[in-house]
Amino acid sequence: MTPRERLGSVFVYFTLAVAIGLALFPFWWMTVTSLKRPVDIFSSVALWPQQITFDNYYRLMRDYHFGPFLMNSVVVVTAAVAVSLVLGTLAAYALARFRLRFGVRRMALYAVLLVRMLPGILLVVPLYIVLAQWGLLNTRLGLILIYAGLNTSFVVWMMQSFLEEIPRDIEEAAMVDGDSRLTALRRVVLPLAAPGLIATAIFSVIATYNDFIIALALTSTPVAQTIPVGVSTLIGKIEIQWGPMAAAGVVGALPIVIFALIVQRNFVRGLTLGAVK
Amino acid sequence: MVAAKAIEGRESRVQRLRSGAVPYFLLLPAMLALAAVSLYPIFDGGRASLHKYRYALDKGYAGTENYISIYNDPVFWQAIATTARFIIISVSIETLLGLLLALIVARELRFSGLIRVALILPMTIAPVVVGVIWRLLYASNIGIVDPLFQALGLGTPDVLAHPTSAFIGLVVVDVWEWTPLLFLIILAGLQSLPQDPFEAARVDGASALQIFFHHTLPLLRPVLLVGVVLRTIDAVGTFDQIFVLTKGGPGTATQLIAIYAYNTAFLFNQYGRSMAMLISLLACLLLLMVAALHLMRRSSELVE
């Protein structure tokens, strides 16, 4: 390595370190604030807690309904993602494996992408009116139905690109051996597609868990409110409870951070709608 | 570039199965589900935009009244202007920073997964949590931004309390959250560029800057466009972070169109007026989306 190259290298890693620092410091500040006592939050700017306390988390559960919020999120996300995985994978299989006529394939994929790009605010007013008519406002079922539908677009998109990558010879070999198409799908294709399916499931969980505006508009009490809505209920009071709010932020972010670490490899593909592989 | 490949299909290379009605039946449930949560709400919203609502009750057909009302509403136009300003400033900075970071990092680094996750963490967590995080940083009494400015002898800005600084504060949040997206897209674009033109230019003795402007940038243009358009579409609906940070205030300084439409519907119960705004917005958005699909298709043809 010439001195000049070495200097270049140092510059690259320095830039990278700064970027990572800027990306992560705000998380650190939130976590630290959530572990401080109220006195310490207000007393001085300290980059680590003077005395670690989990009191803020305890208060979140006791005073701010975070038990029910968490439960609602788990139920809604699990059910919605399960339904959309089934619907979406079947459709993706049709798109990846069959010759479709009348431009159906292209139309389906355009539709899927367009739905994916629609901002939530556009859908929320009419959805509110519909759910009100059906008596599904402020219910988990209402949220499940809507999230299942919305997330189907993502599953179709991701799964058809994963399924395309599985060589169909394998599947046809199984069918020559006497499997029906459905058995071949279950016995051969799905196991091969499992990594893609898992990645898709995790992205779906992240996107559904993170949604705010739909849950905000369609729920109004801890009977059905999800975590992000719960987080927002800590704001807008006359006096903000900073400690619990920071703790709520940590609770909101933690599952996503864990999932992000699990799916590292396929992460980028999911986040960029397949614009980047 | 998977996106476009998928749309174009690979009929030429891959023999697809012919199998009667089966695939259509497999597609149908998904398509119905999609229609139920997108087409239907949009059409119903279109209908609502032509009706008058009072106290959340449908008072019947009102023709274009709602559209005329928003057309004459200065607050609506202000919200549109604020949204446009927000998007143009934020997306420009994000693209520039993303490009810079990608260029610096592209050659030297084989990304370890952990570094990558660290860099893109801001865009993965819930936007509401992003709002909370920055609320904690900006807060004048417990945050870190004010002490930092004070230490530098720049006074205490109390970012979210003043119109201009609140707007800038929100741009900073958006840049923090979304630069990673542009970075990722551009980095992937850079890494898939053909190497030959660069070698040739280097052999010819071109300087790094010349290579960048004559080779890298033109080759990268399609990818840049895809990134910018995707991010722009997404930014049009920006709501969560602002709801948590400023609720559109102080005054209407940070009232983006999504916030105004939401308040119109759920604070003032004027569903019709709100939908008139959103249907108008959708018209512009559809143009962008068509552009996006077109670009994604083209850029992948180029990359392949």
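Residues numbered from 1 in each chain as written. Chains lettered and ligands numbered in written order. Predicted model: local features only at pLDDT ≥ 70, side-chain atom pairs only at ≥ 80, totals over all residues.

## Things to note about the overall build of chain A
Item 1. Of the regular secondary structure elements, chain A holds 13 helices and 0 strands.
Item 2. The N-to-C order of helical and strand elements in chain A reads α-α-α-α-α-α-α-α-α-α-α-α-α.
Item 3. Along the longest, intermediate and shortest principal axes, the C-alpha atoms of chain A span 75 × 70 × 35 Å.
Item 4. Taken over 277 residues, chain A has a buried fraction of 51%.
Item 5. A separation threshold of at least 6 residues defines the contact pool for chain A, and within that pool the share at least 24 residues apart is 73%. (Helix = DSSP H or I, 4+ residues; strand = E, 2+ residues; numbered from the N terminus. Buried ≥ 20, exposed ≤ 12 C-beta atoms within 10 Å, placed from the backbone. Contact = placed C-beta atoms within 7 Å.)

## Description of the overall build of chain B
Item 1. A count of helices and strands for chain B gives 14 helices and 2 strands.
Item 2. Burial status across chain B gives 44% buried among its 304 residues.
Item 3. Put simply, of all contacts in chain B between residues at least 6 apart along the chain, 72% involve residues at least 24 apart.

## Re the environment of B:L209
Residue and element names in this part refer to chain B.
Item 1. For L209, the position within the fold is in helix 11 (residues 208-236).
Item 2. Given 8 C-beta atoms within a 10 Å radius, L209 is considered exposed.
Item 3. Sequence-wise, L209 and Y40 are 169 residues apart; in three dimensions their C-alpha atoms are separated by 52 Å.

## As for the interface of chain B and chain A
Item 1. Between chain B and chain A, the contact holds 82 residues from the first and 88 residues from the second.
Item 2. For the side of chain B that touches chain A, the element with the highest residue contribution is helix 6 (residues 113-124) of chain B, accounting for 11 residues.
Item 3. Within the side of chain B that touches chain A, the residues separate by chemical class into 67 nonpolar, 9 polar and 6 charged. (Nonpolar A, V, L, I, M, F, W, Y, C, P; charged D, E, K, R; others polar.)

## Observations regarding the nonpolar core
Item 1. Judged by nonpolar contacts, the single largest core of 172 residues is most densely connected at A:A91 and B:V132.
Item 2. Of the domains in this structure, domain 1 (3-43) and domain 2 (64-271) of chain A are the two that each give at least three residues to this core.
Item 3. Not counting residues up to four positions away in its chain, the partners in contact with B:V132 are A:M30, A:V231, A:M245, A:A248, A:G249 and B:V244. (Core = buried A, V, L, I, M, F, W, Y, C linked by C-beta atoms within 7 Å. Domains from an automatic or database assignment.)

## Examining the environment of B:Y53
Residue and element names in this part refer to chain B.
Item 1. Mapped onto the elements of the fold, Y53 is located in strand 1 (residues 51-54).
Item 2. Spatially, the C-alpha atom of Y53 lies 50 Å from that of L100, the residues being 47 residues apart in sequence.
Item 3. Excluding anything up to four places from it in sequence, Y53 contacts D58, K59, N269, Q270, Y271 and G272.

## Section: the packing of helix 3 (residues 55-63) of chain A against helix 12 (residues 242-262) of chain A
All names here are of chain A.
Item 1. One way to put it is that helix 3 packs onto helix 12 with a least axis distance of 8 Å and a crossing angle of 85 degrees. Classed by the angle they form, the pair helix 3 and helix 12 counts as roughly perpendicular. In contact with N56, Y57, R59 and L60 of helix 3, helix 12 contributes G243, P244, A246, A247, A248 and V251.
Item 2. Grouping the constituent residues of the contact of helix 3 with helix 12 by class yields 7 nonpolar, 2 polar and 1 charged. (Axes fitted to C-alpha atoms, helices over the stretch in contact; angles between N-to-C directions. Parallel < 35°, antiparallel > 145°, perpendicular 65-115°, else oblique.)

## Let's talk about the confidence of the model for chain A
Item 1. Per-residue confidence for chain A gives a mean pLDDT of 86; residues scoring 70 or more make up 94%.
Item 2. Of all helices and strands in chain A, the one with the weakest mean pLDDT is helix 13 (residues 264-271) of chain A (63), whereas helix 10 (residues 213-218) of chain A scores best (95). (pLDDT = per-residue confidence, 0-100.)

## Considering the domain arrangement of chain A
Frequently, the measure chosen for interface size is the accessible area removed from exposure when the parts meet.
Residues and elements named next belong to chain A.
Item 1. Its domain assignment divides chain A into domain 1 (3-43) and domain 2 (64-271).
Item 2. Between domain 1 and domain 2, the C-alpha centre-to-centre distance is 32 Å.
Item 3. Contacts between domain 1 and domain 2 engage 7 residues on the former and 6 residues on the latter.
Item 4. Listing elements by their share of the side of domain 1 that touches domain 2, those giving two or more residues are helix 1 (3-34) and helix 2 (38-43).
Item 5. Residues that form the side of domain 1 that touches domain 2 fall into these classes: 3 nonpolar, 3 polar and 1 charged.

## Examining helix 7 (residues 140-164) of chain A
Item 1. The end-to-end C-alpha distance of helix 7 of chain A, which contains 25 residues, comes to 35 Å, matching closely the 36 Å that a straight helix rising 1.5 Å per residue would cover.
Item 2. The largest bend in helix 7 of chain A comes to about 30 degrees, at A:N151. (Expected span 1.5 Å × (residues − 1). Bend = angle between axes of the 7 residues up to and from the residue.)

## A short note on the confidence of the model for chain B
Residues and elements named next belong to chain B.
Item 1. Mean pLDDT for chain B: 84, with 88% of residues reaching 70 or above.
Item 2. Mean pLDDT across the elements of chain B bottoms out in helix 1 (residues 2-8) (48) and peaks in helix 12 (residues 240-245) (94).
Item 3. Within the model, the stretch residues 1-6 combines pLDDT values under 50 with 21 contacts to residues more than four positions away or in other chains.
Item 4. Per-residue pLDDT stays below 50 along residues 8-15; that stretch engages in 4 contacts with residues further than four places along the chain or on separate chains.

## Describing the packing of helix 5 (residues 104-117) of chain A against helix 2 (residues 22-37) of chain B
Item 1. Following both chains from N to C, one finds helix 5 of chain A and helix 2 of chain B inclined at 35 degrees, their axes separated by 11 Å at the closest point. Helix-helix and strand crossings are classified by hand; for helix 5 of chain A and helix 2 of chain B the assignment is left-handed. The residues of helix 2 of chain B that touch helix 5 of chain A, namely those facing A:A108, A:A111, A:V112 and A:V115, are B:L27, B:M31 and B:L34.
Item 2. Across the contact of helix 5 of chain A with helix 2 of chain B, the residue classes tally to 7 nonpolar, no polar and no charged. (Left-handed = near helix turned anticlockwise from the far one by under 90°.)

## A word on unusual backbone geometry
The phi torsion of most residues other than glycine is negative, and most of the peptide bonds are trans.
Item 1. Positioned with a positive phi, A:N138 is a non-glycine residue whose angle comes to about 55 degrees.
Item 2. Structurally, A:N138 is set in the loop between helix 6 (120-134) and helix 7.
Item 3. You will see that B:N269, though not glycine, has its phi angle at about 55 degrees, which is positive.
Item 4. Tracing the backbone shows B:N269 in the loop between helix 13 (257-266) and helix 14 (271-303).
Item 5. By the C-beta count within 10 Å, which is 15 here, B:N269 ends up partly exposed.

## A few points about the environment of B:R135
Residues and elements named next belong to chain B.
Item 1. For R135, the location among the structural elements is in helix 7 (residues 127-138).
Item 2. Here R135 falls in the buried class, since 25 other C-beta atoms lie within 10 Å of it.
Item 3. Separated by 106 residues in sequence, R135 and Q241 place their C-alpha atoms 9.5 Å apart.
Item 4. Ignoring any residue separated from it by four or fewer positions in sequence, one finds R135 in contact with V244 and L245.

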